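This is what each chain is made of:
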Amino acid sequence: MSTEEKSPDAAGSAATAAVQQPGRTATGARKASAKSSRSRAREFALQGLYQHLVGGNDAQAIDLFTRDLSGFHKADSVHYDALLHGCITEGAELDALIVPLLDRKLAEISPVEHSIMWIGAYEFKHARDVPWRVVLNECIELAKEFGGTDGHKYVNAVLNGLATTMRPAEVQADKASGKAR
């Protein structure tokens, strides 16, 4: 089939594949082989938090189900436990941090983006060993992979705003050094 005979979709896919970055899928998400054990823990925690927000499932039931999923053995189970159980336990407190930065009601936020914002807020608060820019980037990656079309932009805006209040010294140091805008 010549270039002229290719459908627009096929030509677009070929163009996208030609500029695909190593370690990334055609959509720009990280390939599974390029993910750290903490990244995988965040993915499993996101799935569990979604079950909690949408289905009202309790943390213990979610935890038992999730640990049996394929690939869980590659996740950092300690980080997963902290995220799943911590976010569910502190859900109201995390929402109180997030809500002032929203431009709409919390109920109008997708449960995927809501869960991702919980993960970001929880890590800003409790995972001081993880730099704020890593937390932000990991949450943006989750939103790109699991969220709506432009959900990552919304997650970025909210968590970027949250970082300035939860990790002010770290954010300011990065801004002063030119690492952050």
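What comes next is a walk through the structure. (Residues numbered from 1 in each chain as written. Predicted model: local features only at pLDDT ≥ 70, side-chain atom pairs only at ≥ 80, totals over all residues. Heavy atoms only, no water.)

Now for the packing of aromatic side chains. Both the distance between ring centres and the angle between the ring planes are used here to describe each pair of aromatic rings. Applying the stated criterion across every chain, the model contains 2 aromatic pairs. Pairing F44 with F72 gives two aromatic rings, centres 5.2 Å apart and planes at 70 degrees, and the pair type is edge-to-face. A residue pair is termed long-range when its members are at least 10 positions apart, and F44 in helix 2 (residues 37–55) and F72 in the loop between helix 3 (59–67) and helix 4 (77–89) qualify at 28 residues. What makes F44 buried here is its relative accessible area of 8%. On the basis of an interplanar angle of 80 degrees and a centroid distance of 5.0 Å, the ring pair of F72 and Y80 is categorised as edge-to-face. An identical accessibility class is assigned to F72 and Y80; each is buried. Among the aromatic residues, ring-to-ring pairing joins F44, F72 and Y80 into one connected group. (Phe/Tyr/Trp six-rings, centres within 6.5 Å; stacked < 30°, edge-to-face > 60°. Helix = DSSP H or I, 4+ residues; strand = E, 2+ residues; numbered from the N terminus. Buried < 20%, exposed > 50% of the residue type's maximum accessible area, 1.4 Å probe, protein only.)

So, on to the environment of G48. With respect to the helices and strands, the residue G48 is situated in helix 2. Apart from the residues lying within four places of it in its own chain, the contact partners of G48 are I62 and L84. (Contact = heavy atoms within 4.5 Å.)

Here we take up the nonpolar core. Counting 43 residues, the largest nonpolar core has Y80, I98, I116, M117, I119 and F124 as the members making the most contacts within it. Elements represented by at least two residues in this core include exactly helix 2, helix 3, helix 4, helix 5 (91–98), helix 6 (111–126), helix 7 (132–146) and helix 8 (151–166). With 8 residues, the single largest contributor to this core is helix 6. Those residues in contact with I116, other than ones at most four positions away along the chain, are L46, C139, L142, A143, V155 and L159. (Core = buried A, V, L, I, M, F, W, Y, C linked by side-chain atoms within 4.5 Å.)

Scanning all chains against the criterion turns up 14 salt bridges. One salt bridge in this structure joins E93 and K125, with 1.9 Å as the shortest N-O distance. On the criterion of sequence distance, the pair formed by E93 in helix 5 and K125 in helix 6 is long-range, its members being 32 residues apart. Overall, E93 belongs to the partly exposed group, its relative accessible area being 40%. Residues D150 and K153 are paired through a salt bridge, measuring 3.5 Å at the closest nitrogen-oxygen approach. A single network of salt bridges, built from pairs that share partners, joins K35, E43 and E145. (Salt bridge = Lys/Arg side-chain N within 4 Å of Asp/Glu carboxyl O.)

Moving on, we come to helix 7. For helix 7, spanning 15 residues, the distance from its first C-alpha to its last is 21 Å, which sits close to the expected 21 Å at 1.5 Å a residue. For helix 7, the set of buried residues is W132, V135, L136, E138, C139, I140, E141, L142 and A143. In this fold, the buried residues of helix 7 make contact with helix 2, helix 6, helix 8 and helix 9 (168–177). (Expected span 1.5 Å × (residues − 1).)

Helix-helix packing is characterised by the crossing angle of the two axes and by the distance between the axes. Contact geometry of helix 4 with helix 6 gives a least axis separation of 10 Å together with a crossing angle of 110 degrees. Relative to helix 6, the element helix 4 lies roughly perpendicular. Touching H79, A82, L83, G86 and C87 of helix 4 are W118, I119, Y122 and E123, all from helix 6. Considered class by class, the residues forming the contact of helix 4 with helix 6 number 6 nonpolar, 2 polar and 1 charged. (Axes fitted to C-alpha atoms, helices over the stretch in contact; angles between N-to-C directions. Parallel < 35°, antiparallel > 145°, perpendicular 65-115°, else oblique. Nonpolar A, V, L, I, M, F, W, Y, C, P; charged D, E, K, R; others polar.)

With that settled, consider the state of the cysteines. Applying the stated rule across the entire model yields 0 disulfides. Among the cysteines around C87, which has no disulfide bond, C139 carries the closest sulfur, lying 9.2 Å off. By relative accessible area, C87 is classed as buried at 0%. Look at C139 and you get buried, because its relative accessible area is 0%. (Disulfide = S-S within 2.5 Å.)

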